[in-house]
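Examination of the molecular architecture
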Amino acid sequence: METRVSQPNPAPIRPGQWIAKHAVSLYPLLVILALAALFTLQNPYFATFDNVMNIGRQSSVLLLVALAGTMVIMIGSIDLSVGSIVTLSGIVAALTIDAAGPVAAVAAGIGAGLLVGLVNGMTLITLKVPSFLVTLGMLSILSGVANMICGGSSIMFMDLSLTDLVNAEYIPGIPTIILVALAAAALLAFVAFNTVLGRYLFAIGGGEVVAANSGVPVNRYKVYAFMLSGALCGLAGVLLTAQVGAGTPAAGANMLLDSIAAIVMGGTALSGGIGGPQRTILGVLVIAILSNGMDVTEVSSFTQEVIKGLVIILAVASTIDRKKYAFIK
Amino acid sequence: MNTMVPALELRGVTKQYGPVTALYRVNLSLERHGVLGLVGENGAGKSTLISVINGTVRPTEGDLFVGGARVSLGSPADAARAGIATVFQEQGLIANLRVFENMLLGREAGFAKVGILGKQAMTRLAADVLDELGITVDPLAVTGSLAFGERQLVEIAKAFALGRIYPVEPVILLDEPTSALSDAETQILFNSIRRWRGKASIILVSHRLSDVFAVCDRVAALKDGAINGTWPVSEATPDLLHEAIVGRVRSAGYYKESEQRQDFGNVVLEARDLVVPGQLDKVSLSVRAGEIVGVAGVLGSGKTTLGHAIAGALAVKAGDIFVNGKRLRPGSLASALAADIGNVPAERNIAGVIGMHSVEWNLTLPSLRSFRFGRWPILSSRRQGQVTDDWIKRLRVRTPGRAIQIRNLSGGNAQKVVFAKWLARGIKLFVLDDPGRGLDVGAKEEIYALLRKLAREGVAIVLISDNLPEIIGLSNRIVTLRSGRVSAEIAAPAHDKPAETAVVTHMV
């Protein structure tokens, strides 16, 4: 049976709308370009290939950690234990590499992260404690464990095969660690939009009740998100240990806040459901460029912290789409 | 005051949002002590009109007069001082305040003695208003502890409380007040409106024509932002209004009774002695393939709980649910889905669609796994797009495209996507909770036609609804619930539909 209902035509798309629609993705790019221009004017060395590779080397581990956090923030939860997993996995890798070789060290580091993620996720769904508190507790536990293992000092190792690998330039000029981080980012961006896993994570973050009603095994996928986060942090820890040549009890200490700032700046809402790994790459770039740029323009480290804080607030204030938030809290 | 002067008058009100005209030269007059019904489809401009009257939206052109005096536009404070009070569709009460505090929120100044609130005087006034309205709610109760319907009544009482405070006769705007009320609560509301007839002037915005016929004395139809006619209710008929609202003649048989099936297939759903403490007491229900079984009951009768239990959203304490002979795990949505049960929840925006996601993502969610390349975990974006476009076309979902965030769609079109997401997966049993909630007549009619089509294709349907004409019109059989028990089973064949009163008798 045909029914016709008169309907006002949808408004035509104005040229400004495309920009407005993509503003959330465009702002971080603008911030990046503005910062790059500013630092280059101050010190032309900033824009050299060598320095760009420096930025990449310095931010590869942060990118992996921020990607890890993104997978959890996508479901509307948060993983505060990311930095402490980096530390733990780094130490585990440092402890195993001489005895069991580089492959086992990588596996042990990632495995440790995966295990912590599993515990985080299971605690969340069985005890029904908010992820904020579960992972805050885990952060404290892992920091304690790391210090107990290390006894306050770093763990050195003799086998430098991993160290050589992460710094090797199979593509001339580009160290492996950058390739690994970028590959992980590309893979996760693909997973987020083109696999059942990614779409379920978005659905849980967008509306848990709707997801459950639509047959998404919500609890299982929440655990997956935390396991993914743990494994990525484990990889980050192994790479960091290889890069520095030692496992240290404070390796991941500064990464938590930087990674969350990068995620939100990139455009993934803390309430979940929108954004994704591809956005996080831009957020990490902002932080990395800022740190490196202030180093090469010789800003004192205390001033750096102040400026970084200001830029984060300003960047987030200009990028978040307030219409997507019911409350700012 | 001269009774000839209208309580409220709009002259030439036009509102433009950029290139979109929401209201076009609206002239509307509300007689003193009159009850004016305002009807129209979603998007016809009803909400904009209400917002212009209560001052929250400033029109591009036009004038507003209250009691013959011009009221400045775009000022909620001026509108309130002129006695205009609005009861919104979405509730504006603060859950953790007590009822009397909510009723007098923002009006506390009149009760302050040396800066201290005279709570007794406030409570007394609130109790008095509630009493006069025949609403049995304790003014000291915490608002959040009340049922949805009770909160709505409190909100209406809040508007009436205004009339006690300002020395003006209130003009009360009721925006879809009955859409979430049970029939008993609707009756209380209508009785109050009748009782207050000599003390206030009222505009009632509603989707339900039955509301208009029950309490209004005039009715105005809004279509595409313009008034499409005004009639005394005594001269209006449902068909006349229907045509004025949608701009076409109402098709014979709104509920498509002629398409109702007479013969059914195998038993699909067999629920036996379901028990949920305090809500369901040994409820049994069976539905055959192609059959539509209506579940009727007042608020708290257990009808919503029954729907949740069948759909797997809630675990029963005792009893069994079989679908095509297979027993479901109680409280397991996964088990319900494995048995091909689809659900259309009453609260669409909380449980039905993810507003921030696209039409495509919403539509493909239950069937996501079927878009994998064989056993690979990768999804085919091409097939997802094709399937989405196909269902948009088949159900005539009006959307600029499949990538549009679903919150930008009207209620009727979003509801079609909820249906489509199950149809794309393929289901044998559909549990519908108030599928017409918040939809305009045109959208409802399309949903009803769709239900008939699904029944014809052999889907078993459980229809839970507060809307009696809908249940009676659509169902093959009606099961009434009262205090968690089945109180009657009423046959409703196409040629011999039971009267509303025959159903209500078993509900109260």
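Remarks on the overall build of chain A
Scanning chain A from terminus to terminus reveals 14 helices and 2 strands. Counting only residues that meet the buried cut, chain A has 49% of its 329 residues in that class. Counting contacts in chain A only where the partners sit at least 6 residues apart, residues at least 24 apart contribute 78% of the total.

Considerations on the packing of helix α5 (residues 102-127) of chain A against helix α6 (residues 131-150) of chain A
All names here are of chain A. Running from N to C, α5 and α6 point in directions that differ by 145°, and their axes come no closer than 9 Å. Where α5 crosses over α6, the two elements pack in a sense that is right-handed. Contacts from V116, N120, T123 and L124 in α5 reach S131, V134, T135, M138 and L142 in α6. A breakdown of the residues in the contact of α5 with α6 according to their chemical character gives 5 nonpolar, 4 polar and no charged.

What about the pairing of strand β20 (residues 460-464) of chain B?
Residue and element names in this part refer to chain B. Taking burial as the measure, the 5 residues of β20 include 5 buried ones, the bulk of the element. With burial as the criterion, each face of β20 is covered, one bearing A460, V462 and I464 and the other bearing I461 and L463. Summarising the sheet, strand β15 (residues 292-296) and β20 pair through 4 bridges and their orientation is parallel. Note on β20: the bridge partner recorded for G294 is L463. Sheet topology note: the strand β19 (residues 429-433)/β20 ladder contains 5 bridges and is parallel. Among the inter-strand pairings, D433 is bridged to a residue of β20, identified as I464. Following the backbone out of β19, through helix α15 (residues 441-456) and into the adjacent parallel β20, one traces a crossover that is right-handed.

Some points on the domain arrangement of chain B
For chain B, the domain assignment lists domain 1 (8-246), domain 2 (265-340 + 427-437 + 461-508) and domain 3 (347-426). Measuring from the centre of the C-alpha atoms in domain 1 of chain B to the corresponding centre in domain 3 of chain B gives 36 Å.

Considerations on the sheet that holds strand β3 (residues 35-40) of chain B
Sheet strands line up and pair through hydrogen bonds in the backbone, either parallel or antiparallel. Residue and element names in this part refer to chain B. Strand order in the open sheet made by the 6 strands is β6-β9-β10-β3-β11-β12, with mixed pairing throughout. The open sheet is flanked by β6 (84-87) and β12 (226-232), the only strands paired with a single partner. Averaged over all adjacent pairs, the angle separating strand axes in this sheet is 20°, with direction ignored. Bridge count between β3 and strand β10 (residues 201-205): 4 bridges; the pairing is parallel. Counted as the bridge partner of G37 is L204 from β10. Packed onto the sheet, helix α1 (residues 46-53) meets β3, β6, β9 (171-175), β10 and β11 (218-223) and runs at close to 155° relative to β9. Strands β3, β11 and β12 of the sheet are contacted by helix α8 (residues 238-246), whose axis makes an angle of about 30° with β11.

Some points on the pairing of strand β22 (residues 485-491) of chain B
It is a general feature of regular strands that their side chains alternate between the two faces of the sheet. All names here are of chain B. Sheet analysis places strand β21 (residues 477-482) next to β22, joined by 6 bridges and oriented antiparallel. Its bridge partner lying in β22, R477 is registered against A491. From the end of β21 to the start of β22, which pair antiparallel, there are 2 residues, and S483 there has a positive phi angle of about 45°.

Things to note about the environment of K119 of chain B
Residues and elements named next belong to chain B. Checked against the element boundaries, K119 lands in helix α4 (residues 119-133). On the basis of neighbour counts, which here come to 14 C-beta atoms within 10 Å, the residue K119 falls in the partly exposed class. Separated by 252 residues in the primary sequence, K119 and F371 have C-alpha atoms spaced 62 Å apart.

Here we look at α15 of chain B
Residues and elements named next belong to chain B. For α15, with 16 residues, the first-to-last C-alpha span of 23 Å sits near the 22 Å given by 1.5 Å per residue. Most of α15 is tucked away, with 13 of its 16 residues classed as buried. Backbone geometry just downstream of α15 places G458 in the positive-phi region, at approximately 100°.

Focus on the environment of L38 of chain B
Residues and elements named next belong to chain B. Structurally, L38 can be placed in strand β3. Separated by 18 residues in sequence, L38 and T56 place their C-alpha atoms 19 Å apart. Those residues in contact with L38 that sit more than four places away from it in its chain are K46, I203, L204, V205, A220 and L222.

Here we look at the nonpolar core
Core analysis: the biggest nonpolar cluster contains 180 residues, and L64, V65 and A236 of chain A together with L269, I461, V462 and L463 of chain B have the highest contact counts within it. It is helix α11 (residues 218-244) of chain A that contributes the most residues to this core, 15 residues altogether. Domain assignment of the residues forming this core places at least three in each of domain 2 (265-340 + 427-437 + 461-508) and domain 3 (347-426) of chain B. For L463 of chain B, the contacting residues outside a window of four places in its chain are I292, V293, G294, V295, L432, I471, L474 and S475 of chain B.

Considerations on the sheet that holds β21 of chain B
All names here are of chain B. Reading across the sheet, the 6 strands line up as β18-β19-β20-β15-β21-β22 and stay open at both edges, with mixed pairing between neighbours. The sheet terminates laterally at β18 (341-344) and β22, the two strands that pair on one side only. In this sheet, adjacent strand axes meet at a mean angle of 20° when their direction is disregarded. In this structure, β18 lies alongside β19, joined through 4 bridges in parallel fashion. Of the residues in β19, the one forming a bridge with I341 is L429. Sheet strands touched by α15: β15, β19 and β20. Its angle to β20, the strand with the most contacts, is close to 145°.

Reading the values: the criteria
Residues numbered from 1 in each chain as written. Chains lettered and ligands numbered in written order. Predicted model: local features only at pLDDT ≥ 70, side-chain atom pairs only at ≥ 80, totals over all residues. Helix = DSSP H or I, 4+ residues; strand = E, 2+ residues; numbered from the N terminus. Buried ≥ 20, exposed ≤ 12 C-beta atoms within 10 Å, placed from the backbone. Contact = placed C-beta atoms within 7 Å. Axes fitted to C-alpha atoms, helices over the stretch in contact; angles between N-to-C directions. Left-handed = near helix turned anticlockwise from the far one by under 90°. Nonpolar A, V, L, I, M, F, W, Y, C, P; charged D, E, K, R; others polar. Pairing = 2+ DSSP bridges. Right-handed = clockwise from strand over helix to strand, strands pointing away. Domains from an automatic or database assignment. Expected span 1.5 Å × (residues − 1). Core = buried A, V, L, I, M, F, W, Y, C linked by C-beta atoms within 7 Å.

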